[in-house]
Amino acid sequence: TAAVEGFLAHLHAVGFDGAPQPFGRDEQGRSVIAWMPGDVAMPPFPGWVALDETVASVARLQRRIHDASRSYSVPHDAAWYTPNLPPAPAGAIVCHNDLCVENVVFADGRASAFIDFDFAAPNDPLSDIAIACRHWVPLKDPVDVTDGFSGVDQRRRFRLFCDEHGLSTDGRSAVVAHGIEFLDRALATMRHLAESGPATYAAVWERGYPEQNRRSHAWLCAQRDA
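Note that the structure is a prediction, hence the values are computed from the model and not measured. (Residues numbered from 1 in each chain as written. Predicted model: local features only at pLDDT ≥ 70, side-chain atom pairs only at ≥ 80, totals over all residues. Heavy atoms only, no water.)

1. Remarks on the packing of aromatic side chains
What describes a pair of aromatic rings is the distance from one ring centre to the other and the angle between the planes of the rings.
Right, so step 1: Taken as a whole, this structure holds eight aromatic pairs when the rule is applied.
Right, so step 2: For the ring pair Phe7 and Phe117, a centre distance of 6.5 Å and an interplane angle of 55° mean the geometry is tilted. With a gap of 110 residues between them, Phe7 in helix H1 (residues 2–13) and Phe117 in the loop between strand E5 (110–114) and strand E6 (121–123) connect regions that are remote in the sequence. For the pair formed by Phe7 and Phe117, the shared burial category is buried.
Right, so step 3: Members of the aromatic cluster, each reached through a chain of ring pairs, are Phe45, Trp48, Phe106, Trp136 and Phe149. (Phe/Tyr/Trp six-rings, centres within 6.5 Å; stacked < 30°, edge-to-face > 60°. Helix = DSSP H or I, 4+ residues; strand = E, 2+ residues; numbered from the N terminus. Buried < 20%, exposed > 50% of the residue type's maximum accessible area, 1.4 Å probe, protein only.)

2. With respect to the pairing of strand E4 (residues 104–107)
Right, so step 1: For E4 and E5, the ladder comprises four bridges, and the chain directions are antiparallel. Along E5, the bridge assignment pairs Val105 with Ala113.
Right, so step 2: Taking the residues between adjacent antiparallel strands as the criterion, E4 and E5 are bridged by two residues, where Asp108 takes a positive phi near 55°. (Pairing = 2+ DSSP bridges.)

Next comes the structure, spelled out in structure tokens:
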């Protein structure tokens, strides 16, 4: 949307180089953006996704984009796609809101860019951190932690991610609370998309998404104090 293009233009203008620069629309009305060179991990995830420097660099780049976003004045008529977000709270900034593994580009072993900004919208940055932790810690029941993430120390990785953001104990507690709320919203959204959206969502749902989501929810509630 024009709102996302405007946000990307702001990031480029303030010197943030970790997102595609927008170049407007082509003759068919398609958005044209810069190519971000590097490596992207795809399922089944390789072992390097579990390295300390990998997850720490994702957190550092996220902190940088949050800092760059704080100077962005959101247009009053901006239109965002926000199926998994609550109403934007006071002090919200535009966040990526979908930092899954497949949406992070790596160069020389470090996160160099974020891509796929279609879920970008004003949000509490702690909620954006929670969404990233969902994928990069990952905040899931260990039975569902597979591929390159198999066997990782989830508590340690969560601490590492929060350390890079400089979060206090209260901030970390808020991230966990946002993670629990996100799982509830994601379950409702995925159910809706499975019933009325593209066939890919129905396939994900049938492969056991609701059960995996509820296992993650129960595990995160049990682990929140730790």
